[in-house]
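Chain by chain, the residues:
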Amino acid sequence: MALALVVHGGAGAIAAERFDAARAGCRAAALAGWRVLRAGGAALDAVQAAIVVLEDDPSFNAGTGAVLTADGRAQLDAGLMDGRTLEVGAVAAVERVKNPVALARQVLRSRHVLLVGEGAERFAGAHGIALCDPADLVTPARRARWRGGDLADEDVVAAPAVPAVGDGRVGPAPGRRRSRPGPTPIRDEDRHGTVGAVAVDGEGRTAAGASTGGIAGKHPGRVGDTPLVGCGFYAEDGLAGVSCTGHGEDFTRLLLARRAAELVGAGLSAQAAASAAIRLLGERLHGEGGLILLDAAGRVGCARNTGAMAYAYIVDGMGAPAAGI
Ligand code: ASP
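To keep things clear, this report deals only with the structure shown in the data block. Since this is a predicted model, take the numbers as computed values, not measurements.

What counts and what doesn't
- Residues numbered from 1 in each chain as written.
- Predicted model: local features only at pLDDT ≥ 70, side-chain atom pairs only at ≥ 80, totals over all residues.
- Heavy atoms only, no water.
- Buried < 20%, exposed > 50% of the residue type's maximum accessible area, 1.4 Å probe, protein only.
- Helix = DSSP H or I, 4+ residues; strand = E, 2+ residues; numbered from the N terminus.
- Pairing = 2+ DSSP bridges.
- Near = heavy atom within 4 Å.
- Polar contact = N/O pair within 3.5 Å; in protein donor to acceptor, adjacent residues only side chain to side chain.
- Areas by Shrake-Rupley, 256 points an atom, 1.4 Å probe, with all protein chains shown as cover.
- Contact = heavy atoms within 4.5 Å.

**Observations regarding the pairing of strand β6 (residues 206–212)**
Moving residue by residue along a regular strand, the side chains alternate between the two faces of the sheet.
Right, so step 1: Within β6, seven of the seven residues are buried, which leaves it mostly tucked inside the rest of the structure.
Right, so step 2: Strand direction decides the pairing type here: strand β2 (residues 76–82) and β6, joined by six bridges, are antiparallel. Counterpart to Leu80 in the pairing with β6 is Gly209.
Right, so step 3: In the sheet, strand β5 (residues 195–200) pairs with β6 via six bridges, with the strands oriented antiparallel. Residue pairing in the sheet places Val200 in a bridge with Thr206 of β6.
Right, so step 4: Linking two consecutive strands that pair antiparallel, namely β5 and β6, is a turn of five residues; a positive phi of about 80 degrees is found at Gly204 within it.

Take a look at the structure:
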């Protein structure tokens, strides 16, 4: 079977001076996952390896360097799925785990699907995953932004114009509503950085996962799509693997990762399915975001209706990952 791996570093508006770092981070993550696949490893291991690299890179909103809640804490969510066994592992609102995706992987091996908060941390301790000081996850840059008023982003200004990402160009979400009264929106360039990965291995196994600090200034305890199977990630052998990023409530309402996979099942190409799912997000809920997708043959789909989405992919025959914004 053809090997394939794609990662994303979040959809949103990325400031031009952060393009290089975002692309480099995605490339490094893709390489880490690719090494696993090339060594004959499982798609699930490749996804985890790629996401760990992104969690450890403080320029992304996952693991170290995640955005902070309204009360100034990093509360992390992550999930992943094995498309062969349909096993799922996820954690939400953890504050003392350096690599939430590794903890999610441990949950996947257990009889549980999703563990949250303190219970998830106790599970980590019981399964040999060292707990860290919550302060270790907070970078000076994130703390400074929080002090400067990273506020809940219930709603944001109309989406910016969309530059092309190959065929993944989808029209902007038609003017995001300000339906729920809330504080001033956060700066647009802070609205990105969730990470995710999808892989197909040599045995045709598909896996997908995602990891995030969520939305800057979120209510403590708020959980978005990222650790919710079928919403922020989904994988099923013979169908597709999907990882999403964007306004999590809307992805959750639409079960968007699962929908995108079903579009592949209905006969759409990987790219057409990715684009159709994001189009639906914009049209149905004025939602903003993007997703990456691999079909069972390892063909890549990548779509967004935001100003940017950092991504990288590598498939058989490529000497190095291709990265883009
Ligand atoms: N989907 C994430 C959440 O809502 C945020 C993001 O992808 O930027 O928590």
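Picking up after the structure, the text goes on.
**Describing the site of the ligand**
Right, so step 1: Contacts to the ligand come from Thr194, Thr212, Gly214, Ile215, Arg222, Asp225, Thr226, Thr245, Gly246 and Gly248.
Right, so step 2: Within the side chain of Thr245, a nitrogen or oxygen atom sits 2.8 Å from an oxygen atom of the ligand.
Right, so step 3: Take Gly248: an N or O atom from its main chain is 2.9 Å from an oxygen atom of the ligand.
Right, so step 4: Alone, the ligand offers 270 Å² of accessible surface; in the complex the protein occludes 97% of this.

**Description of the side chain of Gln271**
Right, so step 1: As for its placement among the helices and strands, Gln271 is situated in helix α8 (residues 270–285).
Right, so step 2: Within polar-contact distance, the side chain of Gln271 engages the backbone oxygen of Cys302 at 3.0 Å.

**Description of the environment of Glu118**
Right, so step 1: Here Glu118 lies in helix α4 (residues 117–126).
Right, so step 2: Given the relative accessible area of 51%, Glu118 is considered exposed.
Right, so step 3: With 22 residues separating them in the primary sequence, Glu118 and Arg96 have C-alpha atoms 9.0 Å apart.

**Thoughts on helix α3 (residues 100–109)**
Right, so step 1: Here α3 lies mainly inside the structure; eight of its ten residues are buried.
Right, so step 2: Where α3 is concerned, the buried positions are Pro100, Val101, Leu103, Ala104, Arg105, Gln106, Val107 and Leu108.
Right, so step 3: Packing partners of the buried residues in α3 comprise α2 (43–56), β2, β3 (87–94), β4 (114–116), α4 and β6.

This is a description of form; function is not addressed.
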